[in-house]
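What the coordinates show
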Number of protein chains: 2
Amino acid sequence: MTATSKDVARLAGVSQPTVSRALRGSSGVSLETKRRVEKAARELRYVLSERGRALSTRRNRRVGIVISDLTNPFYPHLVAPLYDLFARHGFQAVLFTGQDDDGPAFEELVDGSLDGLVLATCQINSTLPDCLAGRGMPFVFLNRETDAAADSATVDNTYGAELVGDLLAELGHRSIGAIFGPPATSTGRDREAGFRSSLARCGLSLRDDCVTHVPYAFDRGCVALESLMGLSDPPTALFCGNDVIALGALNKAAELGISVPGDLTIVGFDDITLAAWQRIQLTTVHCDLEELALTAGELLLKRIADPGRPHVRKAQRPRLVLRQSHASVTPSATV
Amino acid sequence: MTATSKDVARLAGVSQPTVSRALRGSSGVSLETKRRVEKAARELRYVLSERGRALSTRRNRRVGIVISDLTNPFYPHLVAPLYDLFARHGFQAVLFTGQDDDGPAFEELVDGSLDGLVLATCQINSTLPDCLAGRGMPFVFLNRETDAAADSATVDNTYGAELVGDLLAELGHRSIGAIFGPPATSTGRDREAGFRSSLARCGLSLRDDCVTHVPYAFDRGCVALESLMGLSDPPTALFCGNDVIALGALNKAAELGISVPGDLTIVGFDDITLAAWQRIQLTTVHCDLEELALTAGELLLKRIADPGRPHVRKAQRPRLVLRQSHASVTPSATV
DNA sequence: CTGAAAGCGCTTACAG
DNA sequence: CTGAAAGCGCTTACAG
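What counts as what
- Residues numbered from 1 in each chain as written.
- Chains lettered and ligands numbered in written order.
- Predicted model: local features only at pLDDT ≥ 70, side-chain atom pairs only at ≥ 80, totals over all residues.
- Contact = placed C-beta atoms within 7 Å.
- Helix = DSSP H or I, 4+ residues; strand = E, 2+ residues; numbered from the N terminus.
- Nonpolar A, V, L, I, M, F, W, Y, C, P; charged D, E, K, R; others polar.
- Domains from an automatic or database assignment.
- Near = placed C-beta within 6 Å.
- Least-squares fit on C-alpha atoms with pLDDT ≥ 70 in both.
- Pairing = 2+ DSSP bridges.
- Axes fitted to C-alpha atoms, helices over the stretch in contact; angles between N-to-C directions.
- Buried ≥ 20, exposed ≤ 12 C-beta atoms within 10 Å, placed from the backbone.
- Arc of directions from axis to C-beta.
- Parallel < 35°, antiparallel > 145°, perpendicular 65-115°, else oblique.
- Left-handed = near helix turned anticlockwise from the far one by under 90°.
- Core = buried A, V, L, I, M, F, W, Y, C linked by C-beta atoms within 7 Å.
- Expected span 1.5 Å × (residues − 1).

It is common to give the size of an interface as the accessible area that goes away when the parts come together. The interface is formed by 38 residues belonging to chain B together with 38 residues belonging to chain A. Elements supplying a minimum of two residues to the side of chain B that touches chain A: helix 4 (50-57), helix 5 (76-88), strand 2 (92-96), helix 6 (106-109) and helix 11 (243-256) of chain B. Split by residue class, the side of chain B that touches chain A holds 18 nonpolar, twelve polar and eight charged.

As structure tokens, this is what we get:
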């Protein structure tokens, strides 16, 4: 149905390897042969078979991006710049998703069709990184990481969460809760640690009855907020493990008639574009997601080019962005 | 570095083709050989090379999904169910994005590494469908379509937009504008036609000075709303080409202090999950995006299995969902 | 400058 | 039941 280099060779009256050389513009092909081959290729609407090329060269020009949940509005911010970056470097990016956080079947990641991998949703205890390392498969951590020795591009989550703790203290809150992310993720773990240590430093503490851990999902933010605010003595401020959770909390609060920030301060983490919308105006910790993604992508490209180079871990310093979801504790609420 | 079937064969003491047969569980392999091969494979942590398999069988078990813009919150709703569906049928889904609406380079879609294609962001005048057809490449239109003969899964956009026109008429609006989507898309074209014909039937007309066309993007909705509402005599109701545009309009209205629906009715189209958020509550036309995606996916799978079958075009009937962004025209606004 | 040969890692008739 | 051979569509030494 579709023409191969052999067909082109026949039409151009040359051998198949010559077609290969001519079309790739490799030196040592006479101009006239090159022209003839190109003409024949055009006529047959020849397109190089990527699978043939990949098998022969053992390079795929293709990298995978592993992500647990596509509908999570956090990931597009990471994925889009990665696609562009890889495309600019002649690599095709392929998205892998799966049910659990470890994502797709291990097999399809190491079946020889990928030159490298970006791991964006690894759980701390995942065995994937070690398996990949054991097979000599280049990979890089993006946003989340594990203890495995590897390149990584992350945010200084501890620091970012400390900023939030400091803010809540400054605002005079003393009844503070949190909807943390999963402790099994580096982001969840570090943000919780940073938040707690900041409060402690300020002489405050988290109310044990106002702390919960949920997956990074809108719905879970909704549910968590409802149960925390159903307490007889609800908190006046809530730190959320990320913006997606915070968005769920924010919307559920609106549904329950809880005024934000009047009755309740809510602070997120990540600063996805939604957070800045006028109808949202979420106070949060700003991360430069594009820079994060590009850093990861570049680390992976370097690793693919030079598998032996030493690992590098890069952490971006986030900053607080103050919008409309935080306020000083009100007298009524402190009573 | 990584073991091939030849390595497994050597270790198991059989020929390479026997390894292939044993591991695929094809009949006619003695149980004892099978066991021996499986053991050797396990020991070597052998994983089948997808590129070798694909080259040999000429089937890739892989389909592409072509989408113009990943960060558009509309697409995840389509992409996620597609990934799942294809995975269940043993196909790997691969996302393709590009700058323009025609997306990625034609070459990578027909380089022989894909069994089929889902086209989700085709422009009406795109030559891609014909090129694909000319190469015998199976594909299906999802959401948007062109005149090209092909399978397609769409929504009845004309009908959906008529519902909106009817609603605005019923609410008593007489000063009506629209931020339509691109006329070069079937959705843009049909929604505009449906909206206009409904208004005409109700004896109303669109105000020419209050009509604009923009790409399906949040930012463009913002800008469009600002200019329309900057008119000396702004409209009291606005139909937006889709929810993403409507969301932009909604947020810009909030920024400008324009009350929705007090001063302005805004209606979208698609009903993406964001539209239902408490902080948004957008009145819109509901489409079952998951059903839409699954329909497209199934059509593609059938086409791959039987390239000769007649084309089928399926259109889903949408319905209005009334939330908080519409209201009867107020006396003050009609003056 | 160009062709013949070998090989990338598989599968699939074809023999036996 | 199993092996030897051929082939999928390329690229890359190797000759000439």
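And the narrative resumes.
Moving on: the domain arrangement of chain A. The domains assigned to chain A are domain 1 (5-48), domain 2 (62-155 + 288-317) and domain 3 (157-287 + 321-334). Split into classes, the residues belonging to the side of domain 2 of chain A that touches domain 3 of chain A amount to six nonpolar, seven polar and four charged.

Here we take up the protein's contact with DNA strand D. Taken together, 25 residues surround DNA strand D, and among them A:Ser5, A:Ser20, A:Ser49, A:Gly52 and A:Ser56 come closest. Looking at the surface near DNA strand D, the elements that each hand over two or more residues are helix 2 (16-24) and helix 4 (50-57) of chain A together with helix 2 (16-24) and helix 4 of chain B. Considering only residue class, the surface near DNA strand D consists of seven nonpolar, 14 polar and four charged.

This part is about the relation of the copies chain B and chain A. Overlaying chain B on chain A yields an RMSD of 0.0 Å, the required transformation being a rotation through 180° with an accompanying axial translation of 0.0 Å. The two molecules are tied by a two-fold rotation axis, judged by turn and shift. Comparing interface residues between copies, 100% of those in chain B also sit at the interface in chain A, which points to an isologous, same-surface contact.

As a further point, take the sheet that holds strand 8 (residues 237-240) of chain B. All names here are of chain B. Across the sheet, four strands lie side by side as 7-6-8-9; this open sheet has parallel pairing. Looking along the sheet, the strands with just one partner apiece sit at the ends: strand 7 (211-213) and strand 9 (265-267). Going from strand to strand, the sheet's axes swing by 15° on average, the running direction of each strand aside. Across four bridges, the pairing between strand 6 (residues 176-180) and strand 8 is parallel. When the bridges of strand 8 are listed, Ile176 appears paired with Ala237. Of the strands in this sheet, strand 6 and strand 8 touch helix 9 (residues 186-201), which is tilted by about 170° from strand 6.

Moving on, we come to helix 2 of chain B. Residue and element names in this part refer to chain B. When helix 2 is considered as a whole, its buried residues turn out to be Thr18, Val19 and Ala22. Projected onto a plane normal to the axis of helix 2, the buried residues spread over an arc of 105° and lie on a single side. Turned more than 90 degrees from where helix 2 packs its buried face, Pro17 and Arg24 sit exposed. Lining the buried residues of helix 2 we find helix 1 (5-12) and helix 3 (31-43). Following helix 2 by one or two positions, Gly25 adopts a phi angle in the positive range, close to 70°.

Running from N to C, helix 4 of chain A and helix 4 of chain B cross one another at 135°; their axes reach a closest spacing of 9 Å. Taken together, the axis directions place helix 4 of chain A and helix 4 of chain B in an arrangement best described as oblique. Between helix 4 of chain A and helix 4 of chain B lies a crossing of left-handed hand. Taking contact as the criterion, the partners of A:Arg51, A:Gly52, A:Ala54 and A:Leu55 in helix 4 of chain A are, on helix 4 of chain B, B:Arg51, B:Gly52, B:Ala54 and B:Leu55. Across the contact of helix 4 of chain A with helix 4 of chain B, the residue classes break down as four nonpolar, two polar and two charged.

A separate point is the pairing of strand 5 (residues 151-155) of chain A. Regular strands place side chains that alternate from one sheet face to the opposite one. Residue and element names in this part refer to chain A. The element strand 5 is largely enclosed, with a buried count of five among its five residues. By the alternation rule, side chains of strand 5 split into Asp151, Ala153 and Val155 and Ser152 and Thr154, which are all buried. In this sheet, strand 5 lies alongside strand 4 (residues 139-142) in parallel orientation, the contact comprising three bridges. By the bridge assignment for strand 5, Phe141 is matched with Ser152.

Near DNA strand C you find 25 residues, and of these B:Ser5, B:Ser20, B:Ser49, B:Gly52 and B:Ser56 are the closest. Of all the secondary-structure elements, those providing two or more residues to the surface near DNA strand C are helix 2 and helix 4 of chain A together with helix 2 and helix 4 of chain B. Residues belonging to the surface near DNA strand C are distributed by class as follows: seven nonpolar, 14 polar and four charged.

Okay, the sheet that holds strand 2 of chain B next. Residues and elements named next belong to chain B. Taking strand neighbours across the sheet as the criterion, the six strands line up as 2-1-3-4-5-11 in an open arrangement whose pairing is parallel. Edge strands, defined here as strands with exactly one partner in the open sheet, are strand 2 and strand 11 (313-316). Along the sheet, successive strands turn relative to each other by an average axial angle of 15°, direction set aside. Strand direction decides the pairing type here: strand 5 (residues 151-155) and strand 11, joined by four bridges, are parallel. What sits directly across from Val155, in strand 11, is Gln316. Packing of helix 5 onto the sheet brings it into contact with strand 1 (62-66), strand 2, strand 3 (116-119) and strand 4 (139-142), and relative to strand 2 it is tilted by some 150°.

Before going further, it helps to examine the environment of B:Thr295. Residue and element names in this part refer to chain B. Among the structural elements, Thr295 can be located in helix 12 (residues 289-305). With 22 C-beta atoms counted inside 10 Å, the residue Thr295 sits in the buried group. Residues Thr295 and Ala249, spaced 46 residues apart in sequence, show a C-alpha to C-alpha distance of 31 Å.

A few words now on the nonpolar core. Counting 174 residues, the largest nonpolar core has A:Val118 and B:Val118 as its most contacted members. With residues near it in sequence (within four places) discarded, B:Val118 still touches B:Val63, B:Ile65, B:Val66, B:Leu82, B:Val140, B:Leu142, B:Ala296, B:Gly297 and B:Leu300.

Let us now look at the environment of A:Ala40. Residue and element names in this part refer to chain A. Along the chain, Ala40 turns up in helix 3 (residues 31-43). Ala40 sits 271 residues away from His311 along the chain, and the two C-alpha atoms are 47 Å apart. Each residue touching Ala40, except ones within four places of it in the same chain, is listed here: Val8, Leu11 and Ala12.

All right, on to helix 5 of chain B then. All names here are of chain B. With 13 residues, helix 5 ought to run about 18 Å at 1.5 Å a step, and its terminal C-alpha atoms sit 18 Å apart, in line with that. When we look at burial in helix 5, the residues that qualify are Pro76, His77, Leu78, Val79, Pro81, Leu82, Tyr83, Leu85 and Phe86. Buried positions along helix 5 lie against strand 1, strand 2, strand 3, strand 4 and helix 12. Two residues or fewer after helix 5 comes Gly90, characterised by a positive phi angle close to 80°.

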